[in-house]
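Take a look at the letters that make up each chain.
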Amino acid sequence: IKDREVPKLPDLSRFKMLDTFILIGGGLSSLDVSICNMEKLEILSVPKNKLKTIPKEIGNLKNLVFLNLSENGIVDFPDEISKLDKSNGGSLLNLCVKENEIEIGVYEKLKRLLPQTIIN
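Residues numbered from 1 in each chain as written. Predicted model: local features only at pLDDT ≥ 70, side-chain atom pairs only at ≥ 80, totals over all residues. Heavy atoms only, no water.

Novice: I would appreciate a short explanation of the overall build of the chain in the present structure.
Specialist: Helix and strand counts for the chain come out as one helix and five strands. Starting at the N terminus, the α and β elements of the chain follow one another as β-β-β-β-α-β. Since a compact globule built from 120 residues should have a radius of gyration of about 14 Å, the 13 Å found for the chain is in line with a globular shape. Among the 120 residues that make up the chain, the fraction classed as buried is 44%. Taking as baseline every contact in the chain between residues at least 6 positions apart, the subset at least 24 positions apart corresponds to 36%. Accessible area of the chain: about 6400 Å², with a carbon and sulfur share of 50%. Computed over 17 positive and 17 negative side-chain charges, the separation of the two mean positions in the chain equals 3 Å. (Helix = DSSP H or I, 4+ residues; strand = E, 2+ residues; numbered from the N terminus. Rg over C-alpha atoms; globule rule 2.2 N^0.38 Å. Buried < 20%, exposed > 50% of the residue type's maximum accessible area, 1.4 Å probe, protein only. Contact = heavy atoms within 4.5 Å. Areas by Shrake-Rupley, 256 points an atom, 1.4 Å probe, with all protein chains shown as cover. Lys, Arg positive; Asp, Glu negative; His and termini not counted. Charge placed at Lys NZ, Arg CZ, Asp CG, Glu CD.)

Structural data, given as structure tokens:
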């Protein structure tokens, strides 16, 4: 979905087999926790939205290999994101969030929580 206004996601529990979710520039202000129950999800790309935080349940997405959160204005990341890193049994290879888009302390926290993940 691109450039279509979607400020809030509905409950996505019924889409358990979905492996890719992309929403670009939809005005999304929060991720429904149900997205974190999509065990098959490998790609989650939600750039150019209005996300300030992501749910701590993000750590449930053990098959996630690509996460794009760029151009959102995220102010903090939950410690549970560390469960996505390969060092903790996750599969995350790449997290897209630019260093200049978030506070330096938050960027340093991400680097600490995701030591084997490329952050760019």
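Novice: Can you help me understand the environment of Gly105 in this one?
Specialist: Following the sequence through the fold, Gly105 ends up in helix H1 (residues 104-113). Here the alpha-carbon distance between Gly105 and Lys40, two residues 65 residues apart in the chain, equals 31 Å.

Novice: Just to check I follow, could you spell out the side chain of Asn68 for this structure?
Specialist: Within the secondary structure layout, Asn68 lies in strand S3 (residues 66-68). Side-chain polar atoms of Asn68 contact the side chain of Ser70, separated by 2.8 Å. Filtering out sequence-adjacent residues up to four positions away, Asn68 remains in contact with Leu44, Ser45, Val46, Pro47 and Cys96. (Polar contact = N/O pair within 3.5 Å; in protein donor to acceptor, adjacent residues only side chain to side chain.)

Novice: Explain the environment of Asn120 here, please?
Specialist: Among the structural elements, Asn120 can be located in the segment after strand S5 (118-119). Sequence separation between Asn120 and Thr20 is 100 residues, and the spatial gap between their C-alpha atoms is 20 Å. Beyond its immediate stretch of four places on either side in the chain, Asn120 contacts Asn94, Leu95, Cys96, Val97 and Lys98.

Novice: Help me understand the sheet that holds S3, please; the structure alone is not making it clear to me.
Specialist: Hydrogen bonds between backbone atoms are what pair the strands of a sheet, whose relative direction is either parallel or antiparallel. The five strands are arranged S1-S2-S3-S4-S5 in an open sheet whose pairing can be described as parallel. Looking along the sheet, the strands with just one partner apiece sit at the ends: strand S1 (20-22) and S5. Two strands pair when backbone bridges link them, and strand S2 (residues 43-45) and S3 are joined in this way by three bridges, in the parallel orientation. Each bridged residue has a counterpart across the sheet, and for Leu44 the counterpart in S3 is Leu67. (Pairing = 2+ DSSP bridges.)

In short, geometric facts, not functional conclusions.
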